[in-house]
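An overview of the molecular structure
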Amino acid sequence: MTPSDREATGLLTRPDDLVRLLDATGGRHANPEFDPWIADVDLDALVDLHRDMVVVRRLDAEATALQRQGELGLWPPLAGQEAAQIGSARALHDDDFVFSSYREHAVAWLRGVRPDELLSVWRGSAASGWDPFEKRMAIPQIIIGAQSLHAVGWAMGARWEETTAASISYFGDGATSEGDVNEALVFASSFDAPVVFFCQNNGWAISEPVGLQSKQPLARRADGFGMPGIRVDGNDVLAVLAVTRWALDRARRGEGPAFIEAVTYRMGPHTTADDPKRYRTDDDLAAWRERDPITRLHALIAASGADMDAVDADAKAAADRAAAELRAGLTAIPDPEPMSVFDHVYAEPNSHLERQRERYARYLAMFDEEGER
């Protein structure tokens, strides 16, 4: 039976079940629904996934340290969510388009975003870090949930143009209470848009626990919009890969949107301006450390008979290279010219913007005059 046949016969996992292929100790569990979606994942592919997660965890740690050292104005850490981001991003095709929030650094890394491009916004040196059309990934959205509407609009256009590409929108559990996300779900369902809504339920909407805003699994909200909703162990990179491949495949086949709830945990603060010790306990962190996404994949690779010294050395070398590139790229980011704040605000010049530019230029000139006195 093919994956599509399984969907047609109603064998897909119910939204309140958790899809898990790899348990916290690295044990592999057979799943007749989703195993076919990762049939091509051999030992080399597992090693690649492990390396990806080690690299992005290191990049995240480096960026957090740089913020503490005053090199960045702010940083939203991804620690703990590596599997959710790497697994889903590895399911994408080159022509798919990503619409993310501000925390999907691992997704950006896999889409080819350089470290300096990733950091420039958080350093305050640019309004955006990369060309969205080159990377097939929109610049991160700070407004909570707004990117879901952009993803649906892009997907509707892709369907009208009769392409096979799909879009994916990343957002957190807190965003599911936003009007933008719910409006996006309505439009996606109404127009069978080829879009995947990927919710990383990391347990906290800043300091508010997810149970405060939803009394049932978030994936069940998809029922009201007429689309399938699936919960997946967000710390299981194989399950995330399988479920995202399934959702993207049905979108490309013209069967409309799907909602994925990846249940994971934010191990660090919401941003470096947050103090999570004020609202959660060390026991919470200890419990989730036992479910670490990298540790469990490492255990599976070891059980597969791989040379773990070589695997670890390769991952460390890749992480070291990425970290060095990040720090070198940061120091090479130029300070922007003050007047560049007006660049790229609109596609075409207009009189309103020109008046603002002229007023700002006169304001800056006042400081030059002061210096001459």
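Residues numbered from 1 in each chain as written. Predicted model: local features only at pLDDT ≥ 70, side-chain atom pairs only at ≥ 80, totals over all residues. Heavy atoms only, no water.

For the protein chain, the name recorded in an unreviewed UniProt entry is Pyruvate dehydrogenase (Acetyl-transferring) E1 component subunit alpha, with Agromyces tropicus as its organism. As recorded by UniProt, the Cofactor (unreviewed entry) comment attached to the protein chain reads in full: "thiamine diphosphate". (UniProt positions renumbered as here; feature names shortened; annotations may be inferred.)

1. Some points on empty space enclosed by the protein
One pass over the full model with this rule turns up two cavities of 30 Å³ or more. Roughly 50 Å³ of internal volume is contained in the largest cavity. For the lining of the largest cavity, the elements supplying multiple residues, two or more each, are helix H2 (43-68) and helix H4 (105-110). Per-element accounting of the lining of the largest cavity gives the leading share, three residues, to H2. Among the residues forming the lining of the largest cavity, the class breakdown is seven nonpolar, one polar and one charged. Estimated volume of the second largest cavity: approximately 30 Å³. (1 Å grid on protein atoms, 1.4 Å probe; cavity = no way out; pocket = protein on both sides within 12 Å on 5 of 7 lines; lining within 4 Å. Points joined across faces, edges and corners; volume = space filled by probe spheres on them. Helix = DSSP H or I, 4+ residues; strand = E, 2+ residues; numbered from the N terminus. Nonpolar A, V, L, I, M, F, W, Y, C, P; charged D, E, K, R; others polar.)

2. Considering the environment of Asp95
With respect to the secondary-structure elements, Asp95 resides in the loop between helix H3 (82-89) and strand E2 (97-99). Considering only alpha carbons, one finds Asp95 and Ala166, 71 residues apart in sequence, at a separation of 7.9 Å. In this structure Asp95 touches Arg136, Trp154, Thr164 and Ala165, once residues within four positions along its chain are discounted. (Contact = heavy atoms within 4.5 Å.)

3. Notes on the packing of aromatic side chains
Tallying each qualifying case throughout the model produces 14 aromatic pairs. Ring centres 6.3 Å apart and planes at 75° place the aromatic pair Trp75 and Trp122 in the edge-to-face group. Of the two residues, Trp75 is situated in the loop between H2 and H3 and Trp122 in helix H5 (residues 115-123); the sequence distance between them amounts to 47 residues. The class of Trp75 is buried, set by a relative accessible area of 1%. Measuring from ring centre to ring centre gives 5.2 Å for Tyr170 and Phe198, while their planes differ by 55°; the resulting arrangement is tilted. Note that Tyr170 is positioned in strand E3 (residues 167-172) and Phe198 in strand E4 (residues 195-201), a separation of 28 residues in sequence. The pair formed by Tyr170 and Phe198 is uniform in burial state, with each residue classed as buried. Of the aromatic side chains, those joined through ring pairs into one cluster are Phe97, Phe99, Phe133 and Trp154. (Phe/Tyr/Trp six-rings, centres within 6.5 Å; stacked < 30°, edge-to-face > 60°. Buried < 20%, exposed > 50% of the residue type's maximum accessible area, 1.4 Å probe, protein only.)

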